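# A look at the structure
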Amino acid sequence: MTGTELQLLGCAKTFAGDTKALLPTDLVVKPGEILGLLGPSGCGKTTMLRIMAGLETPDSGGKILFDDEDVTKVPIEHRSIGMVFQSYALFPNMSVQQNVGYGLKVRGISGSERDDRVNEVMSFCRLDGLADRAINQLSGGQRQRVALARAVAPRPRVLLLDEPLSALDAALRDTLRDELAVILRGLSMTAVFVTHDQSEAMAIADTIAVMRAGRIEQRAAPEVLYRDPQTDFVASFVGGANRLSGRFENGQLHLEGGTLKTGIEGQQPDHIFIRQEDIRITNPDGASLRGKVIGRVYLGTHTKLTISGVCEAPLMVTLQGADAPKIGDLVGLDIPANSLIHF
Amino acid sequence: MSRRTAFAIQFAVTLLACAFLLVPAILSILAGVTVNYFQGILASGVTLKWVGQVWELYSDTIWRSMGIAFGCLIITAIIGIPAAYGLNRFPGRLSRIVEEFVSLPLSIPGLALALALLQLYGTIKGFRLSFWFILVGHVLYTLPFMIRSVLAVFSTIDLQSLEEGAASLGASSWQRFKDIALPNAWPGILAGALTVVTLSIGEFNLTWMLHTPLTKTLPVGLADSYASMRLEIASAYTLVFFVMIVPLLAAMLWASNRAQSIGKPS
Amino acid sequence: MFVFLCFLPLLIFSLAFLALPLVRLVSASVGGEQGWLIYAEIVSNPRYMQSLLDTVLVSLAVTIAAVLIATTAALFLTHNRFPGRSVLIASLTFPLAFPGVVIGFLIILLGGRQGLVNTISSNIFDTRIVFAYSMIGLFFGYLYFSIPRVLLTVMATAEKLDPALVEAARSLGAAPLQVLRDVTLPGLAPALIASGAIAFATAMGAFGTAFTLATNIDVLPMVIYTEFTLSANIAMASALSVLLGLVTWALLMFARSLTGTSIAASG
């Protein structure tokens, strides 16, 4: 892999009024790695990205390294990063071509060298034929690709993306997410992107750092995060898993809607979760765990059920196919012991 | 140029501009309360004698200006608020032309407007010699501000939908105007009203041409005192003007900002 | 029907006190012996043309100076937050509603015979500096009332500019001056054109300041005033007024067609 290694050492950020946006954090992004910073709003992910960019300085003691170079005090314009902004921040007074070429222009690169690079990047980002368009003539997806092309044209050491898909409407987002994943992988450039959408993070990132309240809760590859969450926050935020809370006794969990054999030996774990798609619906007669369907959303490829009376919070269940029970139906629930997540 | 040099230059320009605007105003305020300006405030001392003399000589202009400003407010409200409502309800070519036309006093110098009024109505003595003549000039000049201020609020609150909502509930035209449009336009009316009063009290270009010795307003009185009175009295008179206009201006800016921030998340 | 009633007061007022007087002004301008040729006389008369030229030059100088100073201050005040910032903003906007006469008086206090500048220069350098009663005084007077107007317009626009635009330019390697040239100033362009046009049109038509400073400053409004009151040359005063009104109106329309925003002169 080519690219720059990015390191944060003990980076924290305290804003005026003593708001701790980011607690002291260490983080290494390997050359060519695509890291997703995932978390709810206010978790510190954008602050961390802006520290990497040089738009915020970390509290004293924090350090940012690009390979072995300490860039902590280097202002953004000399840091050689590429950044895609949430609003895209395309310059409205310049054409597409001028936007993409701007980073080369301010570096004093002109003539055919600039034109060649601009053309190369534009065709890589599928912007052929749009060179002379004005920014306000572009669709949302085109704007996003112009923002990306502009950021990568000067061959930055690190590419930073702030919620690159959030400005698009939902219908477009899924297509462009997959497209962005392909383009980013093709660049083989160290990249960090911020998102609050777990499917976005999973589709694009090599590894994901899940953040909450100014800390990284867990950093792992998407499948590891999903299969083996280390904290209850990761389990519920990333997988949308259901928390099962009840009385634990001899490997059995006593819930409002019945009893569940957990196969867990010894002490009661702190948290027990079950993923939505691991629950099976059975006949209520004779089932050891029962509940009532209070919500049903048919989504084509699958159906989402909300079931009450099982434990404190309503249980969310995802079913394949269309022959799901109706609202008001009493259902039995089969929760396989080996699908439980507990820690 | 380094970031620091750029900062220093910008800071210096800002401070110089502040000094340029503030220093003469402070000189004027000090002169108005100095016993003898040529000896200096330290040598001769502080007095309110000049303010007292201004009150004796010119209090009529102050009352007249306040009266005209108030009258101007009433008339611009009566003409301007319904007009803004009509312009919003019927946005079209004709409405734009009407709006353009009544906004002409914003782009034509007051002197030219005054000459036009004088030549058409100057011979109707009862009108020419009364303060109504000045009032007409002030309404002409301030009306566009009232209309624009109210119109701006109407377009940000999406009056169209509110009106349709009220109509679907059975409200008549008059009820919709009274119950929906007026209450929602209040921030714009307030901003417009303060602008009208502030501008009316400070208006000189038109008033100078339209006034008679018996219908002097505050700024006309000021011009008179600058030409014929000693510096201390002129300054004391200016001080009185500042005391009236600066709070009004502050209120006007506050109300305009408030009216402009309607519909934006705070 | 109701909407027609809403327009009625406006229509009556504007017809009686705006439309008819303006028609009367134009007809008065051609009511003299020369008729429409009076406009040709203006163009061929060196005194009027000189006065028009002087008015345009002083207005242009004021516009450039006011835009430069006020934009610098506006950007400084938008981009920096510090204690006392609101005091600075207040000190830069309080003259907004001052009439021209008052500003003339303030300029006399600054640059007149007993003004601050002359007092200081006489006492310290033993040289007299008096600038109030001339075109220079007029320039400073117009600058005095233009700075607050331009500042408010530019600040309002600068605050609405997406800060990410500046960050984006910096992330691409642009130095501060390049950011200013390529991002900030183009973003401010509509506000600069609009406020510049207002400053220019206001200076063209202003009367009170020149009136207070001296009666022999031959800017166009003063010439109109003199023609009307002293020479009682009604036709010429009217014709010059029509000319002045057309120039300022056309200028503001032109500026508006460039910016798409509605703008107005005042003062």
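Bear in mind the structure is a predicted one, so any value in this text is a computation, not a measurement. (Residues numbered from 1 in each chain as written. Chains lettered and ligands numbered in written order. Predicted model: local features only at pLDDT ≥ 70, side-chain atom pairs only at ≥ 80, totals over all residues. Heavy atoms only, no water.)

## Digging into the overall build of chain A
When its secondary structure is counted, chain A shows eight helices and 21 strands. Going through the 343 residues of chain A one by one, you find that 52% of them count as buried. Considering only intrachain contacts with a sequence separation of at least 6, the fraction spanning at least 24 residues in chain A is 65%. One way to put it: in chain A the 36 positive side-chain charges average out to a point 3 Å from where the 41 negative ones average out. (Helix = DSSP H or I, 4+ residues; strand = E, 2+ residues; numbered from the N terminus. Buried < 20%, exposed > 50% of the residue type's maximum accessible area, 1.4 Å probe, protein only. Contact = heavy atoms within 4.5 Å. Lys, Arg positive; Asp, Glu negative; His and termini not counted. Charge placed at Lys NZ, Arg CZ, Asp CG, Glu CD.)

## Considerations on the packing of helix α3 (residues 46–79) of chain C against helix α11 (residues 220–229) of chain C
Any two packed helices are characterised by the angle at which their axes cross and by the distance between the axes. Residue and element names in this part refer to chain C. Contact pair α3 / α11: the axes reach a minimum separation of 8 Å and the direction vectors enclose 140 degrees. It follows from the interaxial angle that α3 and α11 lie oblique. Residues Arg47, Tyr48, Ser51, Leu52 and Thr55 of α3 form the contact with α11, whose participating residues are Leu220, Pro221, Val223 and Glu227. (Axes fitted to C-alpha atoms, helices over the stretch in contact; angles between N-to-C directions. Parallel < 35°, antiparallel > 145°, perpendicular 65-115°, else oblique.)

## Points about the nonpolar core
Judged by nonpolar contacts, the single largest core of 174 residues is most densely connected at Phe98 and Tyr142 of chain C. Sequence-distant contacts of Phe98 of chain C, that is, excluding residues within four places in its chain, are made with Phe241, Phe242, Ile245 and Val246 of chain B together with Ile103, Leu106 and Tyr144 of chain C. Counting residues in each nonpolar core, the second largest holds 47 residues, with Ala149, Val152, Leu165 and Ala201 of chain A among its members. (Core = buried A, V, L, I, M, F, W, Y, C linked by side-chain atoms within 4.5 Å.)

## Side note on the domain arrangement of chain A
Residue and element names in this part refer to chain A. Its domain assignment divides chain A into domain 1 (6–238) and domain 2 (242–342). The gap between the C-alpha centroids of domain 1 and domain 2 is 38 Å. On the domain 2 side, the residues contacting the six residues of domain 1 number six residues. Together, the buried faces of domain 1 and domain 2 total about 540 Å²; carbon and sulfur atoms form 52% of this surface. A per-residue breakdown of the area domain 1 buries against domain 2 is headed by Tyr226, Arg227 and Asp232, which together make up 72% of the total. For the interface between domain 1 and domain 2, the tally reads one salt bridge. The salt bridge partner of Asp232 is Arg243, with a shortest N-O separation of 3.0 Å. Linking domain 1 with domain 2 are three residue pairs in polar contact (both at pLDDT 80 or more). Sorting the residues of the side of domain 1 that touches domain 2 by element identifies α7 (222–227) and α8 (232–239) as the ones contributing at least two each. Ranked by residue count, the leading element in the side of domain 1 that touches domain 2 is α8, at three residues. (Domains from an automatic or database assignment. Buried area = accessible area lost by both parts, 1.4 Å probe. Salt bridge = Lys/Arg side-chain N within 4 Å of Asp/Glu carboxyl O. Polar contact = N/O pair within 3.5 Å; in protein donor to acceptor, adjacent residues only side chain to side chain.)

## Concerning the side chain of Thr262 of chain A
Position of Thr262 of chain A among the secondary structure elements: in the loop between β14 (258–261) and β15 (272–274). Apart from residues lying up to four places away in sequence, Thr262 of chain A is in contact with Phe248, Gly251, Gln252, Leu253, Ala337 and Leu340 of chain A.

## Topic: the sheet that holds strand β3 (residues 34–38) of chain A
Residue and element names in this part refer to chain A. Read across the sheet, six strands follow the order β6-β7-β8-β3-β9-β10 without closing on themselves; strand pairing throughout is mixed. The sheet terminates laterally at β6 (81–84) and β10 (215–220), the two strands that pair on one side only. Each adjacent strand pair in this sheet contributes to an overall mean axis angle of 20 degrees, direction not counted. Bridge count for β6 against strand β7 (residues 158–162) is four bridges, and the pairing is parallel. Across the sheet, the residue bridging to Ile81 is Val158, located in β7. (Pairing = 2+ DSSP bridges.)

## Quick notes on the sheet that holds strand β11 (residues 242–243) of chain A
Residue and element names in this part refer to chain A. Spatially, β11-β15-β21 is the arrangement adopted by the three strands of the open sheet, whose pairing is antiparallel. Both edges of this open sheet fall to β11 and β21 (341–342), since each of them pairs with a single strand only. In this sheet, β15 lies alongside β11 in antiparallel orientation, the contact comprising two bridges. Across the sheet, residue Arg243 finds its bridge partner in β15, namely Phe273.

## With respect to the pattern of salt bridges
This structure, assessed with the given rule, holds 30 salt bridges over all chains. Here Glu249 of chain A ties to Arg247 of chain A by a salt bridge, and the two come within 3.2 Å at their closest N and O atoms. For the salt bridge of Arg256 of chain C with Glu100 of chain B, the shortest nitrogen-to-oxygen distance reads 2.3 Å. Linking Arg256 of chain C in helix α12 (residues 234–259) with Glu100 of chain B in helix α4 (residues 93–102), this pair reaches from one chain into another. A relative accessible area of 17% means that Arg256 of chain C is categorised as buried.

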